[in-house]
Amino acid sequence: MKSYLPAALCVSAALTLPLAASAAPVKELAPKPTVGDIVKASKPAEWRQLDPANTLYMDLPTGRVIIELAPAFAPNHAANIRTMAREGYWDGLWIYRSQDNWVVQWGDPREDKPKELGTAKAKLEQEFTVPMKNDTQFTRLPDKDGYAAQVGHSNGFPAARDPKTGQTWLAHCYGMVGVARGNESDSGNGGTLYAVIGNSPRHLDRNITVVGRIVSGMPLLSVLPRGPAPMGMYEKEEQYVPIKSVKLMADVPEAERTKFEIMRTESASFQAVAEAQRNRGGPWTKYAAGHVDLCNVPIPVREVK
């Protein structure tokens, strides 16, 4: 397959050819198993199915977005979200924000006459962090992180922790779902949610309650037109993306469910996945980084037919 450089870059590249020709030859890296190879060789016991009681189906005109809640990290918000889903709170509401390299946000943008919450709570205390004892499945990455003393994965979620304070939290990686709020830390309740669609905004860690992650359907969100108003807001209601419904998987008839499995992040195969990202083999890769960022470790997901 041919590749091409823009004209300006072609001139620059041509001028540097003599220097490149005199550089020392690159030592070829030995081939190593890829993430795809590891997934194919994994064992059935290294996968888990989604919990129907903690899985949301957000149905849009373009398809289904599947969200896995993380009650170990945000138990009160997860419970409130389950209540809102069961009472149909999001049905007929909208995605009303799409900010480039940032988030897609959904809920009720009407401040003058918002939709009734039903029996869900209007305010909740923040769950930016929770005690480490809440998390019994943490598998640490050996790599250093600029935002936390320790990072790794817990039951399929990218997580961070601080042993000195005894606190742990979910990290703002691509596809993570958080609770929008105002300046007050208790001003969110889970009725307005967002998903990260850009470069991981880890500076938001411990500043917002993170309630889960999207396991399927990210392309439906990441390709939405960017909002023209400040912060990516849509200016007119006709620009909003309608939400047909948000339901718990447990409340959806078996024949209408979309089922997925998540690779167990405490499994040997997942450790191999992380290592495959940390030290890629040849022949395409010429330099193995020997390091992997928390948000660059894929968490394999596969559909169950």
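What counts, and where the lines are drawn
- Residues numbered from 1 in each chain as written.
- Predicted model: local features only at pLDDT ≥ 70, side-chain atom pairs only at ≥ 80, totals over all residues.
- Heavy atoms only, no water.
- Helix = DSSP H or I, 4+ residues; strand = E, 2+ residues; numbered from the N terminus.
- Contact = heavy atoms within 4.5 Å.
- Areas by Shrake-Rupley, 256 points an atom, 1.4 Å probe, with all protein chains shown as cover.
- Buried < 20%, exposed > 50% of the residue type's maximum accessible area, 1.4 Å probe, protein only.
- Pairing = 2+ DSSP bridges.
- Expected span 1.5 Å × (residues − 1).
- Arc of directions from axis to C-beta.
- Salt bridge = Lys/Arg side-chain N within 4 Å of Asp/Glu carboxyl O.

Which residues make up the overall build of the protein chain, and what values go with them?
Along the protein chain, the regular secondary structure elements total six helices and 17 strands. Reported as C-alpha extents along the three principal axes, the dimensions of the protein chain are approximately 70 × 45 × 45 Å. Pairs at least 24 apart in sequence give 71% of the contacts found in the protein chain among residues at least 6 apart. Total accessible area on the protein chain is roughly 16000 Å²; 55% of this is exposed by carbon and sulfur atoms.

Outline the pairing of strand E3 (residues 63-69), listing residues and values.
Of all seven residues making up E3, five are buried, and the element is well covered by its neighbours. Here six bridges tie strand E2 (residues 55-60) to E3, and the two strands are oriented antiparallel to one another. By the bridge assignment, Leu56 is partnered in E3 with Ile67. Counting the residues in the hairpin turn of E2 and E3 gives two residues. Relative to strand E13 (residues 210-216), E3 runs antiparallel, the two sharing four bridges. Within E13, the position partnered with Glu68 by the bridge is Arg213.

Could you give an account of the sheet that holds strand E6 (residues 130-131), with specific residues and numbers?
Strand order in the open sheet made by the five strands is E6-E10-E9-E8-E7, with antiparallel pairing throughout. Looking at the sheet topology across the chains shown, the edges are occupied by E6 and strand E7 (138-140). As defined by bridge partners, strand E8 (residues 150-154) adjoins strand E9 (residues 157-162) across five bridges and the pair is classed as antiparallel. When the sheet's bridge partners are listed, Val151 is paired in E9 with Ala160.

So what's going on with helix H4 (residues 75-86)? Residues and values would help.
The end-to-end C-alpha separation of H4 is 17 Å, in line with the 16 Å expected for 12 residues at 1.5 Å each. Taken residue by residue, H4 has His77, Ala78, Asn80, Ile81, Met84 and Ala85 as its buried positions. End-on, the buried residues of H4 take up no more than an arc of 160 degrees, which puts them together on one face. Buried residues in H4 make contact with E2, E3, strand E11 (176-179), strand E12 (193-196), E13 and strand E15 (245-248). Looking one or two residues past H4, Gly88 carries a phi angle of roughly 70 degrees, positive in sign.

Would you mind going over the pattern of salt bridges in detail, with residue names and values included?
For the coordinates displayed, the defined rule picks out 16 salt bridges. Note that Glu261 and Arg302 form a salt bridge whose closest N and O atoms lie 2.9 Å from each other. A residue pair is termed long-range when its members are at least 10 positions apart, and Glu261 in strand E16 (residues 260-263) and Arg302 in strand E17 (residues 301-303) qualify at 41 residues. Since its relative accessible area comes to 15%, Glu261 is described here as buried. Because the salt bridges share partners, they merge into one network encompassing Asp143, Glu275 and Arg278.

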